[in-house]
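This is what each chain is made of:
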Amino acid sequence: MCPPSTHTTDVASVGQTNGNSFQSEAPPSPTVTDGRTCPNCESVVKTIDTSEGVCRDCQTVITAQPLSTAPKPTYGDTHSESAHSGSRVTLLYADQGLGAGVDTSVTTDTNGTPLSPSQQRVCNDTGWTKQLRPREYRLDSALSELRRLGAALNVPTAELESAARLYRIAHKKGHVQGRSVDGFIAACLLVAVRQSSLSLPVSVREIESASPATRDQVRTARGVLTLHLDVEIPPIDPQAFVPQAVSKLSESHRVERCAMRLLTARRSDVDATESISPRTLAAAALHAAFSLVTPQARPTLDEIEAVIDVSASTISERKSELLQYREVWEASTER
């Protein structure tokens, strides 16, 4: 008995019918030899002759089309946004803002309504409390001081986050142990302010006056950050003090622009090698700008001293060094 014969038939490829061919718009299906990477967890996903696959690790459906990150469309006349509960993740808290934060001794809700005995028993449950270890308690205390110091100096949240990140690194590597926590908080805030792109007018003097740490403690912390963490603390730009001082004096924008041009001209001058305090340079440039723009209605030296915290004699002494760049301002006004 002969075995049944097998006949193979060439199946026409997709898109070919009666000799007429066309290109299909459907994407090619992956095969077992095609190793695709999951866009969510980057695991290798293998599929067999299907147009989509499922990642075994994160259960993400993988198709030939890229994943869409567009927001969910809303329909209707009302454009009401859905409310989301919970705070955002932040480095300014030891638990990164993820703790429940329910007080175990609470007796009323947020509206002042007394809680029933069963509700109070739920709040007294230890599962609601923040389970912080001693190391996290010390970190939480330090970060609360950072938040207080940032609020006193009007430092933006982004810079506070950078300071908290730097303090966490120093705290994790053990550089804070045996040293002043307040000194490290002040030093980390100084680094975040100096490295910010906003040119914040916050000096070392202001940070030391608002912090309970002494000058030696802040100086020691700065040395540790520079030596062990390779942190660069650039000097403050004198131009950072000008806008705030002009605003407090209620002067015109031309005075601010003139002071900025004088400071820019001095910075580009290779012969001006004398080291002067940035705050002193800003005060001298501001006084020189008043002399060039509004000489008849310029404020007194005592008023400038009260605003920018530089002695009147020092401002008067350094004013002449900025007036030698007056041709830069005069050339810009003639255009």
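Residues numbered from 1 in each chain as written. Predicted model: local features only at pLDDT ≥ 70, side-chain atom pairs only at ≥ 80, totals over all residues. Heavy atoms only, no water.

Undergrad: Hey, could you run me through the side chain of Glu 161 in this one?
TA: With respect to the helices, strands and loops of the structure, Glu 161 is situated in helix α3 (residues 157-172). Overall, the relative accessible area of 12% leaves Glu 161 in the buried class. The residues contacting Glu 161, other than those within four sequence positions of it, are Arg 88, Thr 90, Leu 91 and Leu 92. (Helix = DSSP H or I, 4+ residues; strand = E, 2+ residues; numbered from the N terminus. Buried < 20%, exposed > 50% of the residue type's maximum accessible area, 1.4 Å probe, protein only. Contact = heavy atoms within 4.5 Å.)

Undergrad: Looking at this structure, how should I read the nonpolar core?
TA: Grouped burial of nonpolar side chains is what soluble globular proteins tend to show. Counting 39 residues, the largest nonpolar core has Leu 146, Tyr 167, Phe 184, Leu 189 and Leu 225 as the members making the most contacts within it. When contributions to this core are tallied by element, the ones reaching two or more residues are α2 (134-153), α3, α4 (181-194), α5 (204-210) and α6 (215-228). It is α4 that provides the largest number of residues to this core, a total of 10 residues. Apart from residues lying up to four places away in sequence, Tyr 167 is in contact with Leu 139, Ala 142, Val 176, Val 181, Phe 184, Ile 185 and Cys 188. (Core = buried A, V, L, I, M, F, W, Y, C linked by side-chain atoms within 4.5 Å.)

Undergrad: What should I look at first to understand the pattern of salt bridges in this one?
TA: Once the charged atoms of two side chains with opposite charge are near each other, the side chains can pair. Tallied over the entire structure, the rule returns 6 salt bridges. We note a salt bridge from Glu 145 to Arg 148, for which the minimum N-O separation is 2.7 Å. On the criterion of helical spacing, the pair formed by Glu 145 and Arg 148 is a turn pair, its members being 3 residues apart in helix α2. Residue Arg 148 is classed as partly exposed on the basis of its relative accessible area, which comes to 37%. Ionic pairing is found between Arg 215 and Glu 208, a salt bridge with its closest N-O pair at 3.2 Å. Taking relative accessible area as the criterion, Glu 208 reaches 17% and is therefore assigned buried. (Salt bridge = Lys/Arg side-chain N within 4 Å of Asp/Glu carboxyl O.)

Undergrad: Explain the packing of α2 against α3 here, please?
TA: When two helices pack together, their arrangement is given by the angle between the helix axes and the distance between those axes. Put simply, α2 and α3 touch, their axes get as near as 11 Å, and they point 150° apart. Viewed along their axes, α2 and α3 adopt a mutual orientation that is roughly antiparallel. Every pair of crossing elements has a handedness; the one defined by α2 and α3 is right-handed. Note on element contacts: α3 touches α2 through Leu 160, Ala 163, Ala 164, Tyr 167, Arg 168, His 171 and Lys 172, opposite Arg 135, Leu 139, Ala 142, Leu 143, Leu 146 and Gly 150. When its residues are assigned to classes, the contact of α2 with α3 shows 8 nonpolar, 2 polar and 3 charged. (Axes fitted to C-alpha atoms, helices over the stretch in contact; angles between N-to-C directions. Parallel < 35°, antiparallel > 145°, perpendicular 65-115°, else oblique. Left-handed = near helix turned anticlockwise from the far one by under 90°. Nonpolar A, V, L, I, M, F, W, Y, C, P; charged D, E, K, R; others polar.)

Undergrad: Just checking my understanding: could you explain the side chain of Glu 159 for this structure?
TA: By the secondary structure assignment, Glu 159 is in helix α3. One buried charged residue, Glu 159, remains without a salt bridge, the closest side chain of opposite sign being Arg 165 at 10 Å. A distance of 2.5 Å separates a polar atom in the side chain of Glu 159 from a polar atom in the side chain of Ser 196. What Glu 159 contacts, discounting residues up to four positions off in sequence, is Ala 192, Ser 196, Leu 198 and Leu 200. (Lys, Arg positive; Asp, Glu negative; His and termini not counted. Polar contact = N/O pair within 3.5 Å; in protein donor to acceptor, adjacent residues only side chain to side chain.)

Undergrad: I would appreciate a short explanation of unusual backbone geometry in the present structure.
TA: Residues other than glycine predominantly adopt negative phi, and peptide bonds predominantly adopt the trans conformation. Unlike most non-glycine residues, Asn 154 shows phi in positive territory, near 55°. One can find Asn 154 in the loop between α2 and α3. In the Ramachandran plot, Asp 230 falls in the positive-phi region, its phi being about 55° despite a non-glycine side chain. Position of Asp 230 among the secondary structure elements: in the loop between α6 and α7 (242-249).

Undergrad: Got a minute to help me understand the packing of helix α8 (residues 253-268) against helix α12 (residues 326-333) in this structure?
TA: Close contact between α8 and α12 brings their axes to 8 Å; oriented N to C, the two are set at 130°. Classified by the interaxial angle, the pair formed by α8 and α12 is oblique. α12 is crossed by α8, and the crossing has right-handed handedness. Where α8 abuts α12, its residues Arg 254, Arg 257, Cys 258, Arg 261, Leu 262 and Ala 265 lie against Arg 326, Val 328, Trp 329, Ser 332 and Thr 333. Classifying every residue of the contact of α8 with α12 by side-chain character gives 5 nonpolar, 2 polar and 4 charged.

Undergrad: Just to check I follow, could you spell out the environment of Ser 199 for this structure?
TA: In this structure, Ser 199 sits in the loop between α4 and α5. Judged by its relative accessible area of 43%, Ser 199 is partly exposed. Ser 199 sits 40 residues away from Gln 239 along the chain, and the two C-alpha atoms are 8.2 Å apart.

By themselves these figures say nothing about function.
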